[in-house]
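# Structural overview for review
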Amino acid sequence: MKHTDICEILKDPARIGTQAVVCGWVRTSRDSAQVAFLELSDGTSFPRLQVVVDKNKLDLDPECMKLGASVCVKGEVVKAYKGEGQELNASEVVLLGKCPSDYPIQKKRATLDFLRTIPHLRLRTNTFAAVFRVRSVAAQAIHRFFAERRYYYVNAPLITASDCEGAGEMFRVTTRPWNASEPDEASYYKADFFGVKAGLSVSGQLEGEVAATALGKIYTFGPSFRAENSNTTRHLAEFWHIEPEVAFMELPDVIELAEELLKYLIRAVMEECPEELKFFDSFVEKGLIEKLRGVESSEFAVCEYTEAIRLLQAANVPFRYPAEWGCDLQTEHERYLTERVFLKPVFVINYPKEIKSFYMKQNPDGKTVAATDLLVPGIGEIIGGSEREADPEKLMRAMRERNMDMAAYKQYLDLRVFGSVPHGGFGLGFERFLMYVTGMENIRDVVLFPRSAGSIV
Ligand code: 4AD
Ligand code: MG
């Protein structure tokens, strides 16, 4: 169906006096004896197009007035009767699809909890349309950021036999039906599709390292899967993951790249989605734009893990989990550090080796690894990364300490045997970033169909 995007009509006064065809959904309508007004949205812009129907000239089907109905309108673009911009004087209104009155999206703002029960319709609300426009702009900006810096985009496999994070949070991939007579696990998997235990990847990093130790600078941007049973507002079973991996990169370089990426993405969203951000600022998180401007122009803080523990212990706050050297930072700790101590994003660095993954570079102190998590106000951890252990002996020792199956990591170890180089990278959770930039408080509200423990709507 040939038609013009509503955003084109709204932004271009040169169209005044021309004929146009638009298609869209009725978002509101008003009626009087002589004139009817329809506000149409086709998804291309935040503002809607007002369509004016002179009822003396046009016989308007009452179904076209109903909230949610889809229509195609032909008419003349005119200067808006009230205020700035353009509207459309209809010469023809064709009903494309009726929308009965039990349409779950009504004019009154529904709660996010309710909208989560209708993921197939919630994108028709202002909030979700804005979230997904921002999501698309941010995704494009990610590719632009890396392309401008000559990074190669690689696609890591989603089905894998190795658990990158070693946290045992892998979904299993199998084609075998349950067979209780199997003597042990190994023989069960031997007869399975791949002949070994396989699962959905929790991270593209290990394959990213393969690419980085040949191509230099690479990034992956794809889904990761985690069967973590934490039913929180920050965890999904399926999330999108941006993972740069870079040869010759040490911990300070990892930090620099992460800060540069985050600022670049914030700037892109501020420039390309001003209307969406204004909406989020008014209805979702007061002061959002101010916050983003502040982040974009601030220098992120860097704090040693040991110092972070000292700060938490000195805090006059009753944490649910007391902070002690050696413990993993809980969200309450992370948020205290970034929201109450530093008041801006903070990189915590050099964590105890026991609470981090096997692949992280071991520091000379023998106790810590060259890891970093970036914590941001309102969320906590948004990025996790590190320099990687490049020494095969040290890496094998860390693997042995974790009782890992060396044979399964032969290729990974080879990268350290054949021309090993210092290298590093990080993972940015795309949905966590979107929460941060939109102010949405539940990660389920920045993804099309959220998957989490016990829920696959
Ligand atoms: O800290 P994580 O587990 O690090 C890794 O996976 C590394 N292999 C990354 C790397 O160095 N290449 O995860 C990285 C980020 C987290 O900081 C968080 O933003 C996001 O991924 N993330 C999740 N997002 C949503 N739901 C989940 N269940 C997530 N788990 C991690
Ligand atoms: Mg992490």
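Scroll up for the structure.
Small disclaimer: the values here were computed from a predicted structure and weren't measured.

Parameters at a glance
The numbering scheme is per chain: residues are counted from 1 as the chain's sequence reads. Chains and ligands are labelled sequentially in the order written, the chains with letters from A and the ligands with numbers from 1. Two thresholds apply to this predicted model, a pLDDT of at least 70 for residue-level local features and 80 or more for giving and counting side-chain atom pairs, whereas whole-chain, interface and lining totals are computed over all residues. Only hydrogens and water are set aside; all other atoms, that is, all heavy atoms of the structure, feed into the side-chain values. We call a residue near a molecule or strand when any one of its heavy atoms sits within 4 Å of it. Contacts described as polar in this section are N or O atom pairs within 3.5 Å, which, within protein, must combine one atom able to donate a hydrogen with one able to accept it, while residues neighboring in sequence count only if both atoms come from side chains. Each accessible area is a Shrake-Rupley result for a 1.4 Å probe, and residues are judged covered by the shown protein chains and nothing else. A run of DSSP states H or I qualifies as a helix once it reaches four residues; a run of E qualifies as a strand once it reaches two. Both are numbered from the N-terminal end. The disulfide criterion is simple: two cysteine sulfur atoms within 2.5 Å. Note on classification: 1.4 Å probe, protein chains only; a residue is buried when its accessible area is under 20% of the maximum for its type, exposed when over 50%, partly exposed between these limits. Take a side-chain nitrogen of Lys or Arg and a carboxyl oxygen of Asp or Glu: if they are within 4 Å of each other, that pair is a salt bridge.

### A few points about the site of ligand 1
Near ligand 1 there are 25 residues, and of these Glu165, Gln205, Glu228, Glu243 and Glu381 occur at the shortest range. One of the side-chain N or O atoms of Arg388 is found 2.9 Å from an oxygen atom in ligand 1. Burial of ligand 1 by the surrounding chains reaches 94%, relative to a free accessible area of 630 Å². Looking at the shell around ligand 1, the elements that each hand over two or more residues are strand 11 (238-247), strand 15 (380-387) and strand 16 (423-429).

### A look at the state of the cysteines
One pass over the full model with this rule turns up 0 disulfides. Cys72 supplies the cysteine sulfur nearest to Cys23, a cysteine that is in no disulfide, at a spacing of 3.7 Å. Unpaired in terms of disulfides, Cys99 finds its nearest cysteine sulfur in Cys64, a separation of 12 Å. Of the residues examined, Cys99 reaches a relative accessible area of 7% and is grouped as buried.

### Here's the deal with unusual backbone geometry
At Arg150, a position not held by glycine, the phi torsion is positive, near 60°. The residue Phe248 is not glycine, and still its phi comes out positive at about 70°. Residue position: Phe248 is located in the loop between strand 11 and helix 6 (251-272).

### Here we look at the pattern of salt bridges
Should their charged atoms come close, side chains of opposite charge can pair. In this structure the tally under the stated criterion is 27 salt bridges. Two residues, Glu285 and Lys291, come together in a salt bridge whose shortest N-O distance is 3.4 Å. Among the ionic pairs, Arg310 bridges to Glu307, the shortest N-O distance being 3.0 Å. With Arg310 and Glu307 both in helix 9 (residues 305-314) and 3 residues apart, the pair spans about one turn of that helix. The structure contains a network of salt bridges with shared partners spanning Asp113, Arg116, Arg122 and Asp445.

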